Amino acid sequence: MKKTLGLLCLSAVIALSGVAFGQSDLAAFPVGATKMVYSIRSEDMARAMPLELTVTAFGDGTYSVRMVTEATGTEDELGSFGFMGGMTSVSTSGQSVNYASLEALMDQRSRLAEGQEYLLPGGGTFTSIVGATVAGVWCLQGEMVDPDEPGTRMTVAFALSNPVYISPRIRVEELRGGQWVEVFSLELVEYTVTGS
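About the cut-offs
- The numbers attached to residues start from 1 for each chain and follow its sequence in the written order.
- At least 70 in pLDDT is required for a residue's local features to be given in this predicted model, at least 80 for side-chain atom pairs to be given and counted, and no such filter applies to totals for whole chains, interfaces and linings, which use all residues.
- Excluding hydrogens and water, the side-chain values take into account all heavy atoms of the structure.
- Strand pairing follows a simple DSSP-based rule, namely that at least 2 bridges must link the two strands.
- Each helix corresponds to a stretch of at least 4 residues labelled H or I by DSSP, and each strand to a stretch of at least 2 residues labelled E; elements are numbered beginning at the N terminus.
- Each residue gets one of three labels from its accessible area relative to the maximum for its type: buried under 20%, exposed over 50%, partly exposed in between, using a 1.4 Å probe on protein chains only.
- For salt bridges, the criterion is a side-chain nitrogen of Lys or Arg within 4 Å of an Asp or Glu carboxyl oxygen.
- Every residue pair with non-hydrogen atoms within 4.5 Å of one another is taken to be in contact.

K.L.:
It is not clear to me how the sheet that holds strand S6 (residues 118-119) should be interpreted in this structure. Could you clarify?
P.N.:
The strands that make up a sheet are held in pairs by hydrogen bonds between backbone atoms, and each pair lies either parallel or antiparallel. Taken in spatial order, the 9 strands make up an open sheet running S3-S2-S1-S11-S10-S9-S8-S7-S6, and their pairing is antiparallel. Of all the strands in the sheet, just strand S3 (63-69) and S6 have a single pairing partner and so form its edges. Sheet topology note: the strand S10 (residues 169-176)/strand S11 (residues 179-194) ladder contains 8 bridges and is antiparallel. Paired with Ile170 across the bridge in S11 is Leu186.

The following block contains the structure:
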């Protein structure tokens, strides 16, 4: 299970990029190409995995979305390399994080405020909200805790200044021996826009 955690997390993020993490509608992207490069890490991956997403808006109502990823590792680490669709949660050592409850926050992200706390559908909370700049994109970032999974927490940044396809920052941590341990992270490391 642990050997596939990073790939399961990546698969869930990609499968949900149009649901809970679909930060922007395609119509929000400017004419030209918007390139977003993410770094994906898992406690079980020897190296970070890059994920490059490019959204090209042609200006006539049509778009192109290109996704490129690469992984380097041992046979065991790469045995599950690929994408699996339809996931709505990620399991990490027996814990799971349900991303569906963040949809309400995504829809209302322009109303989020630093220092506020929000109750999520299902009883979860979104707290510790602060402003953050990730690869030049201004965001509001907070911590999500599901009461059914108190040993797992997730940090999510919602982009406000620029359209992005996937959240600029997602970090999943587990409580182990009284300490929070990061088990997965996805972070925007490059954001560029080139006109057509």
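K.L.:
In this structure, what is going on with the environment of Ile40? I would like to understand it.
P.N.:
Considering the arrangement of structural elements, one finds Ile40 in strand S1 (residues 32-42). Among the residues examined, Ile40 registers a relative accessible area of 0% and is labelled buried. Separated by 29 residues in the primary sequence, Ile40 and Thr69 have C-alpha atoms spaced 9.9 Å apart.

K.L.:
Just checking my understanding: could you explain the pattern of salt bridges for this structure?
P.N.:
Two side chains carrying opposite charge are able to pair once their charged atoms lie near each other. Counted under the stated rule, the structure contains 8 salt bridges. The residue Arg169 makes a salt bridge to Glu187 at a minimum N-O spacing of 2.7 Å. Residue Arg169 is found in strand S10, and its partner Glu187 is found in strand S11; the two are separated by 18 residues along the sequence. Taking the relative accessible area as the measure of exposure, Arg169 reaches 13% and is therefore buried. Between Glu174 and Arg176 there is a salt bridge, with its nearest N and O atoms 2.8 Å apart. By relative accessible area, which is 27% here, Arg176 ends up partly exposed. If you follow the salt bridges from partner to partner, you end up with Glu43, Glu174 and Arg176 in one network.

K.L.:
Looking at this structure, how should I read the side chain of Ser39?
P.N.:
Examined against the element boundaries, Ser39 turns out to sit in strand S1. Using a relative accessible area of 19% as the deciding quantity, one classes Ser39 as buried. For Ser39, the contacting residues outside a window of four places in its chain are Ala48, Met49, Ser185, Leu186, Glu187 and Val189.

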